[in-house]
Amino acid sequence: MFNLIVSVIAIALSAALAAASIYYGGSAFTNSTAKANVTTLVNQGQQIAGAGALYKVDNAGTPPASLADLTQPDNLATGTVNYLQASPVAPTFAQGAWETNGSVAYVQIKASAVTNLCAEVEKQNGSLVQNSSQPWSIVDAKTRLDSASAQFSCQGSDPVASYFVFKM
């Protein structure tokens, strides 16, 4: 009889711990996914920015006009140069491919991922506006990117047309 009571208590405690980890740990799993997604975008942006810096050195300070300038070989006096082996593959939560205009590298974010992703981007920038329904407004993002300290942000006026932007 004693063994039965101990077994029932052990099963009840195990079930309570499992339920608590699912309930309280769910947000940790969601937040860590958003952090991993932002880290992926930042790493890819850094690759493009580094290749853009090398391109500018080799081309008398002229920035690349597009991402194709960084992936296509140039015939310089020293030989063929590829600044990027290939364009970084946009993650599954992105729409389309990475692009650059010479000053920033950017990729469009799918509408379903914008809210969580851009909130995490703003959090990592240290600029998350508390209680804001749109922490990723284009006006705020442009101001941060124009400042000397901001390296990346989300830009967009609505979830349908929002971009992750990395300063080159």
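Residues numbered from 1 in each chain as written. Predicted model: local features only at pLDDT ≥ 70, side-chain atom pairs only at ≥ 80, totals over all residues. Heavy atoms only, no water.

### Considerations on the overall build of the protein chain
A count of helices and strands for the protein chain gives four helices and six strands. From first element to last, N terminus to C terminus, the protein chain shows the α and β order α-α-β-β-β-β-α-α-β-β. Residues classed as buried in the protein chain amount to 34% of the 168 residues present. Within the protein chain, counting contacts between residues at least 6 apart in sequence, those at least 24 apart form 47% of the total. (Helix = DSSP H or I, 4+ residues; strand = E, 2+ residues; numbered from the N terminus. Buried < 20%, exposed > 50% of the residue type's maximum accessible area, 1.4 Å probe, protein only. Contact = heavy atoms within 4.5 Å.)

### A few points about the nonpolar core
Soluble globular proteins: nonpolar side chains tend toward being buried together. The biggest cluster of nonpolar side chains holds 27 residues, and the ones touching the most others in it are Leu41, Leu70, Trp98, Val107, Ile109 and Phe164. Listed by contribution, the elements that provide at least two residues to this core are helix H1 (2-58), strand E3 (94-100), strand E4 (104-109), helix H3 (114-125), strand E5 (152-156) and strand E6 (162-167). The biggest single contributor to this core is H1, with seven residues. (Core = buried A, V, L, I, M, F, W, Y, C linked by side-chain atoms within 4.5 Å.)

### Digging into the side chain of Gln44
Take Gln44: it is sitting in helix H1. One polar contact links the side chain of Gln44 to the main-chain carbonyl oxygen of Val89, over a distance of 2.8 Å. If we skip the residues at most four places from it in the chain, Gln44 touches Pro88, Val89, Ala90, Pro91 and Trp98. (Polar contact = N/O pair within 3.5 Å; in protein donor to acceptor, adjacent residues only side chain to side chain.)

### Some thoughts on a nonpolar patch on the surface
A contiguous nonpolar patch, built from Met1, Leu4, Ile5, Val8, Ile9 and Leu13 and spanning about 660 Å² of accessible area, is present on the exposed surface. Within the secondary structure, Leu4 is located in helix H1. Take Leu4: its relative accessible area is 54%, and that puts it in the exposed class. (Patch = residues over 30% accessible without salt bridge, like charges linked within 9 Å, V, L, I, M, F, W, Y side chains within 5 Å. Areas by Shrake-Rupley, 256 points an atom, 1.4 Å probe, with all protein chains shown as cover. Salt bridge = Lys/Arg side-chain N within 4 Å of Asp/Glu carboxyl O.)

### Observations concerning the pairing of E3
The pairing of E3 with E4 spans four bridges and is classified as antiparallel. Paired with Ala94 across the two strands is Ile109, which belongs to E4. Remark: three residues form the turn of the hairpin made by E3 and E4, two consecutive strands paired antiparallel; Gly102 in that turn has positive phi of roughly 100°. (Pairing = 2+ DSSP bridges.)

### Thoughts on the state of the cysteines
Throughout the structure, instances matching the rule amount to one disulfide. Here Cys118 is linked by a disulfide to Cys154, with a sulfur-sulfur distance of 2.2 Å. Its torsion about the S-S bond being -85°, the disulfide of Cys118 and Cys154 is classed as left-handed. Of this pair, Cys118 sits in helix H3 while Cys154 sits in strand E5, and the two are 36 residues apart along the sequence. By relative accessible area, Cys118 is classed as buried at 0%. (Disulfide = S-S within 2.5 Å.)

### What to know about the packing of aromatic side chains
A complete count under the given rule lists five aromatic pairs for this structure. Every member of this aromatic cluster is reached through a ring pair, and the members are Trp98, Phe152, Phe164 and Phe166. (Phe/Tyr/Trp six-rings, centres within 6.5 Å; stacked < 30°, edge-to-face > 60°.)

### Focus on the side chain of Thr71
Relative to the helices and strands, Thr71 resides in helix H2 (residues 68-71). Judged by its relative accessible area of 14%, Thr71 falls in the buried class. Beyond its immediate stretch of four places on either side in the chain, Thr71 contacts Asn82, Leu84, Ala86 and Ser87.

### Let's talk about the environment of Val121
With respect to the helices, strands and loops of the structure, Val121 is situated in helix H3. The sequence separation of Val121 and Phe164 amounts to 43 residues, and the corresponding C-alpha distance is 8.5 Å. Sequence-distant contacts of Val121, that is, excluding residues within four places in its chain, are made with Val38, Phe152, Ser153, Cys154 and Phe164.

### Here's the deal with the environment of Ala49
Positionally, Ala49 belongs in helix H1. Looking at Ala49, the relative accessible area reads 15%, which means it is buried. Sequence spacing of Ala49 and Thr100 is 51 residues, and the spatial spacing of their C-alpha atoms is 9.3 Å. Setting aside anything within four residues of it in sequence, one finds Ala49 in contact with Phe166, Lys167 and Met168.

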